[in-house]
Amino acid sequence: MRLQRTTAALGAALVSLVLLTGCSSSWGEDAGLPEAGDMGAIERLVGSHTMCSDLRTGAGDSGTMGPETKDPAWAIKERGVCGDDARDTVTLLSVSDMEKFQETAKKAAETGHATRFLLGQDFALVAGDEPTAKALLKSDVLLFTCEKGFKVPDGYRSEKLLVDGCALTDYLPSQA
């Protein structure tokens, strides 16, 4: 009888610990962010909302996020680009550690190199233009930015991030 009570108490304590620490879910799951798992899944998600033809992975050191891909601080597992027949419209990034990615993006923004990303749980996208970004927001990704002075207006979502000082929202202001 005493063993049953001890086991029940330990079980309750474990459940409480998991609930308090948030270890029961991945980052972004509570916000409803999509999870991809690999580059093929990211490509399918993007392709279901905008043109994503001719996916090219390991696409060199140039272009959007090309040099950053080689920097371990960004925690980028794989980079790809896709687009329409005329140009690249989306950069796809498979991210191994979202906290490292967000911290590094924040540091880059502090030095004047802010980039707007569309985040899922384990991937990031960089849209080549505003219409593409708006189309991708329909896939439940959210805008992540650490731009100085960026404010989310009332009526838009503002979700919790792994780093302070940045925003995660469904608000997409026009690029200046």
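Everything numeric in this text was worked out from a predicted model, so none of it was measured.

A. Expanded view of unusual backbone geometry. The phi dihedral of aspartate 54 falls on the positive side, at around 55°, and the residue is not glycine. Along the polypeptide, aspartate 54 turns up in strand β1 (residues 53-57). The exposure class of aspartate 54 is exposed, given its relative accessible area of 54%. The backbone of aspartate 140 shows a phi angle near 80°, a positive value even though the residue is not glycine. For aspartate 140, the location among the structural elements is in the loop between α5 (130-137) and β6 (142-145).

B. The arrangement of helix α2 (residues 39-47) in detail. Residues of α2 that are buried: Met39, Ala41, Ile42, Leu45 and Val46. Down the axis of α2, the smallest arc covering the buried residues is 160°, so these residues share one side. Where the residues of α2 are buried, they touch β1, β2 (76-83), β3 (88-95), β5 (123-127) and α5. For α2, the capping residue at the N-terminal end is aspartate 38, with a side-chain oxygen 3.2 Å from the backbone nitrogen of glycine 40.

C. Broad picture of the nonpolar core. Counting 24 residues, the largest nonpolar core has Trp74, Leu93, Phe101, Phe117, Leu119, Phe144 and Leu168 as the members making the most contacts within it. Elements that contribute at least two residues to this core include exactly β3, α4 (98-110), β4 (117-119), β5 and β6. The element contributing the most residues to this core is α4, with five residues. Ranked by size, the runner-up nonpolar core spans 22 residues in total, among them Leu45, Val46, Leu118 and Leu136.

D. Region of the structure containing the state of the cysteines. As enumerated under the stated definition, the model contains two disulfides in all. Disulfide partner of cysteine 52: cysteine 82, at an S-S distance of 2.0 Å. The disulfide joining cysteine 52 to cysteine 82 has a torsion of about -105° about its S-S bond and is therefore left-handed. Taken together, the residues cysteine 52 in the loop between α2 and β1 and cysteine 82 in strand β2 connect sequence positions 30 residues apart.

E. Representation of the pattern of salt bridges within the structure. Evaluated as defined, the whole model comprises four salt bridges. Aspartate 54 is paired through a salt bridge with arginine 56; the nearest N and O atoms lie 2.9 Å apart. Glutamate 147 is the salt-bridge partner of arginine 116, the closest N and O atoms lying 2.5 Å from each other. In this pair, arginine 116 sits in the loop between α4 and β4 while glutamate 147 sits in the loop between β6 and β7 (167-169), placing the two residues 31 residues apart along the sequence.

F. How the structure looks around the environment of serine 139. Secondary-structure assignment places serine 139 in the loop between α5 and β6. Residues serine 139 and leucine 33 lie 106 residues apart in sequence; the distance between their C-alpha atoms is 8.7 Å.

G. Local environment of the environment of alanine 75. Along the chain, the position of alanine 75 falls in the loop between α3 (66-69) and β2. Judged by relative accessible area, alanine 75 falls into the buried class, the value being 7%. Separated by 21 residues in the primary sequence, alanine 75 and serine 96 have C-alpha atoms spaced 5.5 Å apart. Ignoring anything within four residues of it in the chain, the contact list for alanine 75 reads Ser94, Val95, Ser96, Asp97 and Lys100.

Parameters and conventions
- Residues numbered from 1 in each chain as written.
- Predicted model: local features only at pLDDT ≥ 70, side-chain atom pairs only at ≥ 80, totals over all residues.
- Heavy atoms only, no water.
- Helix = DSSP H or I, 4+ residues; strand = E, 2+ residues; numbered from the N terminus.
- Buried < 20%, exposed > 50% of the residue type's maximum accessible area, 1.4 Å probe, protein only.
- Arc of directions from axis to C-beta.
- Contact = heavy atoms within 4.5 Å.
- Polar contact = N/O pair within 3.5 Å; in protein donor to acceptor, adjacent residues only side chain to side chain.
- Core = buried A, V, L, I, M, F, W, Y, C linked by side-chain atoms within 4.5 Å.
- Disulfide = S-S within 2.5 Å.
- Salt bridge = Lys/Arg side-chain N within 4 Å of Asp/Glu carboxyl O.

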